[in-house]
Amino acid sequence: MAATFSRRLQRWALGFLVAAAVPLSSSAAVIKVGSIPGATSDAVQALIPEGKKHGLDIQLVEFTDWTLPNEAVNNRDIDVNFFQHEAFLQNAIKERGYSLELIGLGLLQNIGLYSNKYQSLDQVPKGATVSLPNDPVNQGRGLLLLQKAGLITLRHGLDTGATVNDVVDNPKQIKLVEIEGPQLIHSLPDVDLAVVWPSYFVSAGRKADAGKALAYSGIADTFYAMGFVTRKDRINDPALKQFVELFQQSQAVRNTIADRFDHNPHLYTLPWQGSRAASQ
């Protein structure tokens, strides 16, 4: 099974990135970290040199969807992943029966409501098309942002588990288009508005656009903070604990994240430090 899954990783992963500028001792602990392109992946990459100095051989595996990183950890093909928040993880565990647990926080990304056509929400016409995540957890977050922007009203107010079926008032009769999260940025030319993570603009070489949302979600809720996830039988693994501690203490990681978000404190925070971290 492990060999079969490894072949699948070769087809589905964007790449397997290993920095080797500094020789590692034979006793170095290998930490395979799964992520998706963007700020999380870049932050892990920035930690590789420091990891070597502390006896950790950090190896980054990039995926192009939101299912495989959890499957890879659960099947022991990688050691830990860094791409999801607690709400997404709990939904994945419920649906697929994974034996996974969050062992530390790494980044709280804001989400934004972006448009290639309009400069303000007042300009959005009746019947506008709006793309938002199709997965159960992030769809709720996107709908809450649309409600905050005054475009819809949800049946249960601020319930994070809302779906498109919970829209009870839609004065502009907007049309909701459900799309897989990583593809939302690519939907912008074809829709009027899209719910997008700012880091996706960075990955697309459009860093300045990350700060041009017509509305943003809140950034202080650690319920949506992305963290490090491993198998439950490895939550006390010393090497994994060391990896998380190094990440949270690393100035290189902080600098990389700040750069990826164009040093804009409205777009992110470092959740283990509180809301002031984004401005550091």
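Now for a quick tour of the structure. Keep in mind that what you see is a predicted model, and the values were worked out from it rather than measured. (Residues numbered from 1 in each chain as written. Predicted model: local features only at pLDDT ≥ 70, side-chain atom pairs only at ≥ 80, totals over all residues. Heavy atoms only, no water.)

Looking at the sheet that holds strand S12 (residues 215-216)
Link 1 in the chain: Ordered by their spatial adjacency, 5 strands build an open sheet running S10-S7-S11-S6-S12, and the pairing between neighbours is mixed. Edge positions in the sheet fall to strand S10 (175-179) and S12, since each of these pairs with one other strand and no more.
Link 2 in the chain: Of the pairings in the sheet, the one linking strand S6 (residues 112-114) to strand S11 (residues 193-196) comprises 3 bridges and is antiparallel in character. Directly across from Leu-113, in S11, lies its bridge partner Val-195.
Link 3 in the chain: The strands touched by helix H5 (residues 136-148) within the sheet are S6, strand S7 (129-133), S10, S11 and S12, with S7 carrying the most contacts at an inclination of about 140 degrees. (Pairing = 2+ DSSP bridges. Helix = DSSP H or I, 4+ residues; strand = E, 2+ residues; numbered from the N terminus. Contact = heavy atoms within 4.5 Å. Axes fitted to C-alpha atoms, helices over the stretch in contact; angles between N-to-C directions.)

Some thoughts on the nonpolar core
Link 1 in the chain: Leu-113, Leu-151, Phe-243 and Ile-257 are the most contacted members of the largest nonpolar core, which totals 87 residues.
Link 2 in the chain: Considering every element that reaches this core, the biggest residue donor is helix H7 (residues 238-249), with 6 residues.
Link 3 in the chain: Those residues in contact with Leu-151 that lie beyond four places of it in its chain are Leu-113, Leu-121, Leu-146, Asp-169, Asn-170, Pro-171, Lys-172, Ile-174 and Leu-193. (Core = buried A, V, L, I, M, F, W, Y, C linked by side-chain atoms within 4.5 Å. Buried < 20%, exposed > 50% of the residue type's maximum accessible area, 1.4 Å probe, protein only.)

Quick notes on helix H2 (residues 39-53)
Link 1 in the chain: The sharpest bend along H2 reaches about 35 degrees and sits at Leu-47, with the proline Pro-49 one to four residues further on.
Link 2 in the chain: Inspection of H2 places Ala-39, Thr-40, Ser-41, Ala-43, Val-44, Ala-46, Leu-47, Ile-48, Gly-51 and Lys-52 among the buried residues, and these make up the whole buried set.
Link 3 in the chain: Residue Gly-55 follows H2 closely and has a positive phi angle near 80 degrees. (Bend = angle between axes of the 7 residues up to and from the residue.)

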